[in-house]
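So the chains spell out like this:
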Amino acid sequence: MKKVITYGTYDLLHVGHINLLRRARELGDYLLVVLSSDEFNAIKHKTAYHSYEDRKIILESVRYVDKVIPEYTWDQKIKDVVDNDIDIFVMGDDWKGQFDFLKEYCEVIYLPRTEGISTTKIKEDLQLGMQNE
Ligand code: C2G
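To keep things clear, this report deals only with the structure shown in the data block. (Residues numbered from 1 in each chain as written. Predicted model: local features only at pLDDT ≥ 70, side-chain atom pairs only at ≥ 80, totals over all residues. Heavy atoms only, no water.)

## Let's talk about a negative patch on the surface
Next, step 1: On the surface, a cluster of negative charge is made up of Asp29, Asp85, Asp87 and Glu107.
Next, step 2: Relative to the elements of secondary structure, Glu107 occurs in strand E5 (residues 107-111). (Patch = residues over 30% accessible without salt bridge, like charges linked within 9 Å, V, L, I, M, F, W, Y side chains within 5 Å. Areas by Shrake-Rupley, 256 points an atom, 1.4 Å probe, with all protein chains shown as cover. Salt bridge = Lys/Arg side-chain N within 4 Å of Asp/Glu carboxyl O. Lys, Arg positive; Asp, Glu negative; His and termini not counted. Charge placed at Lys NZ, Arg CZ, Asp CG, Glu CD. Helix = DSSP H or I, 4+ residues; strand = E, 2+ residues; numbered from the N terminus.)

Next comes the structure, spelled out in structure tokens:
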């Protein structure tokens with residue numbers, strides 16, 4: 001069984017996230033998503049709208065996702081890859097090159113991001129809409 005892993009905050013789930021999850025899952029037979037905890041989001045200077053628990057429930061309902069575990073630090077990736085017998089590490093190409101140190105342990109693939117959508121854009125568009133009401 002070819003096992004794939006990916007990481008993220010996955011807040012306000014949108015088509016860019018789904019495109020990434022679908023392509024990642026299609027690279028193997030099993031997809032493990034390591035989901036940023038609320039505390040780790042603070043380290044990433046991100047404030048998610050949904051709590052970790054809610055983001056986990058939402059991700060677990062996505063057909064491409066087999067398991068969701070928490071991401072607490074930048075430094076857990078090697079252990080995650082080794083402990084879960086991962087074959088392929090996947091991230092969107094906004095991270096291109098950032099995780100090449102994992103090539104010692106598994107294949108590393110950066111997939112093209114989906115243009116024109118992001119959680120930040122959703123928040124900004126909604127903010128503008130409210131201001132124009
Ligand atoms: N993504 C994408 N297209 C978009 C938006 C996001 O392909 N339009 C991808 C990102 O490249 C990432 C995944 O969806 O692979 C999740 O995106 P975020 O939730 O923004 O994740 P991020 O904050 O980049 O977390 O340790 C790694 C970090 O936890 C990555």
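## As for the site of the ligand
Next, step 1: Around the ligand there are 21 residues in total, and Lys46, Glu71, Lys77, Asp94 and Ile117 lie nearest to it.
Next, step 2: In the environment of the ligand, an oxygen atom lies 2.7 Å from a nitrogen or oxygen atom belonging to the side chain of Lys77.
Next, step 3: Between an oxygen atom of the ligand and a side-chain N or O atom of Trp95, the distance comes to 2.8 Å.
Next, step 4: Bound to the protein, the ligand loses 95% of the 640 Å² it would expose on its own. (Near = heavy atom within 4 Å. Polar contact = N/O pair within 3.5 Å; in protein donor to acceptor, adjacent residues only side chain to side chain.)

## Focus on the nonpolar core
Next, step 1: In terms of nonpolar packing, the biggest core is built from 17 residues, with Leu21, Val33, Leu59 and Val65 touching the most fellow members.
Next, step 2: Setting aside residues no more than four positions away along its own chain, Leu59 makes contact with Tyr10, Leu13, Leu21, Val33, Leu35, Val65 and Val68.
Next, step 3: In terms of nonpolar packing, the next biggest core, distinct from the first, is built from 15 residues, Ile5, Leu32, Leu102 and Val108 among them. (Core = buried A, V, L, I, M, F, W, Y, C linked by side-chain atoms within 4.5 Å. Buried < 20%, exposed > 50% of the residue type's maximum accessible area, 1.4 Å probe, protein only. Contact = heavy atoms within 4.5 Å.)

## Section: the sheet that holds strand E3 (residues 67-71)
Next, step 1: The strand order E3-E2-E1-E4-E5 describes an open sheet built from five strands, whose pairing is parallel. The strands lining the two open edges of the sheet, one partner per strand, are E3 and E5. Strand-to-strand, the axes of this sheet are offset by a mean angle of 25 degrees, without reference to chain direction.
Next, step 2: With five bridges connecting them, strand E4 (residues 88-92) and E5 associate as parallel partners. Across the sheet, residue Ile88 finds its bridge partner in E5, namely Glu107.
Next, step 3: Packed on one face of the sheet, helix H1 (residues 15-26) meets strand E1 (3-8), strand E2 (30-36), E4 and E5 and runs near 140 degrees to E2.
Next, step 4: Its contacts with the sheet put helix H3 (residues 52-60) on E2 and E3, and the angle it makes with E2 is roughly 165 degrees. (Pairing = 2+ DSSP bridges. Axes fitted to C-alpha atoms, helices over the stretch in contact; angles between N-to-C directions.)

## Notes on the pairing of E1
Next, step 1: The element E1 is largely enclosed, with a buried count of six among its six residues.
Next, step 2: On E1, burial covers both faces: Lys3, Ile5 and Tyr7 on one face and Val4, Thr6 and Gly8 on the other are all buried.
Next, step 3: Strand direction decides the pairing type here: E1 and E2, joined by six bridges, are parallel. Counted as the bridge partner of Lys3 is Tyr30 from E2.
Next, step 4: Once the chain exits E1 it traverses H1 before rejoining the sheet at E2, and the crossover so formed is right-handed. (Right-handed = clockwise from strand over helix to strand, strands pointing away.)

## Quick notes on H3
Next, step 1: Looking at H3, one finds that the buried residues are Tyr52, Arg55 and Leu59. In an axial view of H3, the angular spread of the buried residues amounts to 65 degrees, which keeps them on one side of the axis. (Arc of directions from axis to C-beta.)

## Things to note about the side chain of Thr9
Next, step 1: Considering the arrangement of structural elements, one finds Thr9 in the loop between E1 and H1.
Next, step 2: Relative accessible area serves as the criterion here: at 7%, Thr9 is assigned to the buried category.
Next, step 3: Here Asn41 takes part through its side chain, which lies 2.7 Å from a polar atom of the side chain of Thr9.
Next, step 4: With near-sequence residues (within four places) excluded, Thr9 lies in contact with Leu35, Ser36, Asn41, Lys44, Lys46, Ala48 and Arg55.

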